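# Descriptive structure summary
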Amino acid sequence: MATNVILDFEKPIFDLESKISEMRNISDDIDISSEIEVLEKKVEQLRAEIYRNLTRWQRVQIARHPQRPITLDYITNCFTDFIELHGDRTFRDDPAIIGGIANLGGEPVMVLGHQKGRDTKSNVYRNFGMANPEGYRKALRLFKIAEKFGRPIINFLDTPGAYPGLEAEERGQAEAIARNLLEMSKLKVPIIVVIIGEGASGGAIGIGVGDRILMLENAWYSVISPESCSSILWRSWDFKEQAAEALQLTSFDLKAHNLIDEIIYEPIGGAHRNPQEMFRIMSEVLSKEVSELSKTKEMDLIKNRREKFYKMGVWIEE
Amino acid sequence: MAWFVRSKSNIQESEQREMPDGLWTKCPSCGEIIYKKQLEDNLYTCPKCDHHFRIGSDEYIQILFDEGTFVETNRNIQSADPLDFEDSKKYADRIKELQRKQNLSDALTTGYGLLKSKEVSFGCMNFNFIGGSMGSVVGEKFFRAAKYSLQKRIPLIVVSATGGARMQEAAFSLMQMAKTSAVLGELAEAKIPYISILTDPTTGGVSASYGMLGDVNIAEPGALIGFAGPRVIEQTIKRKLPPGFQRSEFLVEHGMVDLIVSRKKLKDTIYKMILWFGA
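Heads up: these notes are all about the structure in this document.

Our focus in this paragraph is the overall build of chain A. When its secondary structure is counted, chain A shows 14 helices and nine strands. Radius of gyration (C-alpha) of chain A: 21 Å, near the 20 Å computed for a compact globule of 318 residues. A buried classification covers 58% of the 318 residues belonging to chain A. Contacts in chain A between residues at least 24 apart in sequence constitute 71% of all its contacts with a sequence separation of at least 6. When the accessible area of chain A is evaluated, it comes to approximately 13900 Å², of which 51% is carbon and sulfur surface.

Set out below in structure tokens:
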């Protein structure tokens, strides 16, 4: 992994931490272990406090943190026996969405998600997690396999949006997303959706219809990114903080608006600070959800899923 | 040699204007000056070049329904401004002002009526209403129009004209994509026909949900139809888009819509289709 990337608001924590490591280096002669201990406690307090009071824009930054676990990290660490399945059988394989068969705590499942890269090279290969129509069509093909063999589906959402390219339009980006929305609403197997990073617009919801919609504490989910919202409404990219506030795009906002089922809390300092702990939490949550949903009858599953989305929206009826 | 040489072409007005008030109007495509009454008689298409003017739900109702048979429904459903959204103006104020000015409840008008004596459930978007954007109200009204189709076992016909999901309702708007698509799944299972009519423009969250999901997708000539807007695509790929890109003819060529139908033949074509569907 790359060297530590420190976000602006995390700086006080890192300053203190580097002070501690400096003190450790000089502590051979004199015993200052008690002072170090005090400072270490202070670091923990500071971290907890900073992370308790994050603004919406700061959470967006965490959701995009270059060291934040991405789909393949969860697949590798929470599942076993993953076999990747490629291609939409029509045009090509889209590396921006990956998926395949795997086991979750011994249960066979289909797992897929948007896949970002870790560095420039892999990001170019993954198209920064921006899928083309063939990505959504590959996803649909995998959903149908899962349905045929009665296996639950787990989807990880993490995309800055569906790719707005010329070829994507030629091949029907809109149709590909629309088709998935319709088909996912009537799949006969349980679907668990987890927004793990960025949930941007149609590109995210294109694999985001499910029975349980879970969201990591520091992920965001909205109809548009704060930057694009800023450029449209304020005609400048400089109002992204305000846009993030106005869009109410955090897990806490979506939970408050009943648009997601649960928030999955991250280790203090974010998923990137303690990935192993994050994977442990994720495995536990997913296993619980799969076993609960597996008890639901097929007919009820589809009925409940539809009802869930039918209820979304707020209006006045006079 | 001249002192000043124009390196770029003159600024051109590319956006189509809404129908101006007055007796005469100019065709934005060929420049023909058209008498307003003549334009109306010609179903708001240019008699010279067949340019289709942007029109709203009142005009489409007039074009598609047998006279006096259309009944509007769910007009009382109104935006609740769930996020208390404010940019240059308060979203709630924007809504109120548009409702008053345009005599509409939101960007989608719904109802039912007779099309050549066949009963159909109908929805028509209004691009004039916040860019025809889909928020909770559009989603719910679409949902109810679809449910009405289901309950009465009559076809659903929806005319789209939209820039996509409504930003001012953020995630609520996004979820309407799933909501509207899911109810179309019920229609499909019940074998109720759904005809989607795509007019200029149909992009974003609507094209990526109910816009593209018709048993038959019909496009009006020359309409801009796509997922991303042309400006966004140009910024992304950093080159100019070819002429005709994302226009109806381009979509037929790439297999995304079934056919292009001129406004004058729209009623007739829909009628023939619903007869074939056996509805």
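With that settled, consider the overall build of chain B. Counting secondary structure elements, chain B contains nine helices and ten strands. Rg of the C-alpha trace for chain B: 19 Å, near the compact-globule value of 19 Å for 279 residues, within the 12% margin. Across the 279 residues that make up chain B, the buried fraction comes to 56%. Partitioning the contacts of chain B with sequence separation of at least 6, the portion at a separation of at least 24 is 68%. For chain B, the exposed area adds up to about 12700 Å²; of that, 50% sits on carbon and sulfur atoms. Averaging the locations of the 35 positively and 33 negatively charged side chains of chain B gives two centres separated by 2 Å.

Attention now moves to the side chain of Ser207(B). Here Ser207(B) shows up in helix H6 (residues 204-207). For Ser207(B), the side chain forms a polar contact with the main-chain oxygen of Gly226(B), separated by 2.7 Å. Contacts of Ser207(B), omitting those with residues within four sequence positions, involve Ala174(A), Ala178(A), Thr202(B), Met212(B), Gly226(B) and Phe227(B).

Attention shifts here to the pairing of strand E6 (residues 118-125) of chain B. Residues and elements named next belong to chain B. Of all eight residues in E6, six are buried, a share of seventy percent or more. Pairing geometry for strand E5 (residues 108-115) and E6, over eight bridges, is antiparallel. Looking at the pairing, Leu115 lines up with Lys118 of E6. In sequence, E5 turns back onto E6 through a hairpin of two residues, with Lys116 there showing a positive phi of about 50 degrees. With four bridges connecting them, E6 and strand E7 (residues 156-162) associate as parallel partners. In the strand pairing of E7, Cys124 is matched with Val159. A crossover links E6 with its parallel partner E7, the connecting element being helix H4 (residues 136-152), and its sense is right-handed.

It is worth spelling out the packing of aromatic side chains at this point. For the coordinates displayed, the defined rule picks out 16 aromatic pairs over all chains. Look at Trp234(A) and Phe239(A): their rings are 5.9 Å apart centre to centre, the planes differ by 20 degrees, and that puts the pair in the stacked class. A residue is classified by how much of its surface remains accessible, and Phe239(A), at 28% relative accessible area, is partly exposed. With centroids separated by 5.7 Å and ring planes inclined at 80 degrees, the aromatic side chains of Trp276(B) and Phe277(B) adopt a geometry described as edge-to-face. Under the relative-accessibility criterion, Trp276(B) is labelled exposed at 73%. Accessibility expressed as a relative area gives 28% for Phe277(B), which makes it partly exposed. A network of ring pairs unites the aromatic residues Tyr74(A), Phe79(A), Phe156(A) and Phe279(A) as a single cluster. It is Arg54(B) that lies over the ring of Phe127(B); its NZ or CZ is 4.7 Å from the centre. Over the ring of Tyr271(B) we find Lys116(B); its NZ or CZ atom is 5.5 Å from the centre of that ring.

Below, the discussion takes up the interface of chain A and chain B. Chain A puts 48 residues into the contact, and the matching count from chain B is 57 residues. When the buried surface of chain A facing chain B is broken down by residue, Leu166(A), Glu169(A) and Tyr310(A) rank first, second and third, together holding 15% of it. Summed over the shared surface of chain A and chain B, the number is two salt bridges. The residue Glu317(A) makes a salt bridge to Arg144(B) at a minimum N-O spacing of 2.8 Å. Across the chain A-chain B interface, the total number found is 15 residue pairs in polar contact (both at pLDDT 80 or more). It is helix H8 (residues 173-184) of chain A that contributes the most residues to the side of chain A that touches chain B, eight residues altogether. For the side of chain A that touches chain B, the per-class residue count stands at 28 nonpolar, ten polar and ten charged.

Residue and element names in this part refer to chain A. Helix length check: helix H2 (residues 33-52), at 20 residues, gives a terminal C-alpha distance of 29 Å against a target of 28 Å (1.5 Å per residue), a fit within 8%. Here H2 has its buried residues at Ile36, Leu39, Val43, Arg47, Ala48, Ile50 and Tyr51. Buried residues along H2 sit against helix H1 (11-26) and helix H3 (56-63).

Before going further, it helps to examine the pattern of salt bridges. Summed over the entire model, instances satisfying the criterion amount to 47 salt bridges over all chains. The shortest N-O distance in the salt bridge between Glu40(A) and Arg24(A) comes to 2.4 Å. Within this pair, whereas Glu40(A) is found in helix H2, its partner Arg24(A) is found in helix H1, the two being separated by 16 residues in sequence. Residue class for Arg24(A) comes out partly exposed when judged on its relative accessible area of 43%. As a salt-bridge pair, Glu86(B) and Lys90(B) come within 4.0 Å of each other at their nearest N and O atoms. On the basis of relative accessibility, which here comes to 43%, the residue Glu86(B) falls in the partly exposed class. By relative accessible area, which is 35% here, Lys90(B) ends up partly exposed. Each member of the salt-bridge network shares a partner with another, and the members are Arg212(A), Asp261(A), Glu262(A), Lys288(A), Glu289(A) and Lys308(A).

About the cut-offs
- Each residue is numbered by its place in its chain's sequence as written, counting from 1.
- Here chains are named by letter from A upward and ligands by number from 1 upward, in the order in which they appear as written.
- Note on the predicted model: pLDDT of at least 70 is required for a residue's local features to be given, and 80 or more for side-chain atom pairs to be given and counted; whole-chain, interface and lining totals, by contrast, use all residues.
- To get the side-chain values, all heavy atoms of the structure are used, and hydrogens and water are removed first.
- Put simply, DSSP marks the helices as runs of H or I at least four residues long and the strands as runs of E at least two long, and each gets a number from the N terminus on.
- Radius of gyration here uses only the C-alpha atoms, and the compact-globule reference equals 2.2 Å multiplied by the residue count raised to the power 0.38.
- Whether a residue is buried, partly exposed or exposed follows from its accessible area with a 1.4 Å probe, protein chains only, as a fraction of its type maximum: under 20%, in between, or over 50%, in that order.
- The contact definition used throughout considers only heavy atoms, calling two residues in contact when any of these lie within 4.5 Å.
- Residue-level accessible areas treat just the shown protein chains as cover; the underlying method is Shrake-Rupley with a 1.4 Å probe.
- Positive charges are assigned to Lys and Arg, negative charges to Asp and Glu, while His and the chain termini are left out of the count.
- The atoms used to mark charge sites are NZ of Lys, CZ of Arg, CG of Asp and CD of Glu.
- The definition of a polar contact used here is a pair of N or O atoms within 3.5 Å, where within protein one atom must be able to donate a hydrogen and the other to accept one, and adjacent residues in sequence count solely through side-chain atom pairs.
- Two strands make a pair as long as DSSP finds a minimum of two bridges between them.
- By convention a crossover is right-handed if, when the strands point away from the viewer, the path from the first strand over the helix to the second runs clockwise.
- Only Phe, Tyr and Trp rings are paired, with Trp represented by its six-membered ring, and only when their centres lie within 6.5 Å; those with planes under 30 degrees apart are stacked, over 60 edge-to-face, the remainder tilted.
- As a reminder, the over-ring test applies to NZ of lysine and CZ of arginine, requiring each to be within 6 Å of the ring centre and within 35 degrees of the ring normal.
- We define buried area as the total accessible area lost by two parts upon association, computed with a 1.4 Å probe and summed across both.
- By salt bridge we mean one thing: a side-chain nitrogen of Lys or Arg within 4 Å of a carboxyl oxygen of Asp or Glu.
- Here the term charged refers only to Asp, Glu, Lys and Arg, the term nonpolar to Ala, Val, Leu, Ile, Met, Phe, Trp, Tyr, Cys and Pro, and the term polar to all other amino acids, Gly among them.
- One less than the number of residues in a helix, times 1.5 Å, gives the span that helix is expected to have.

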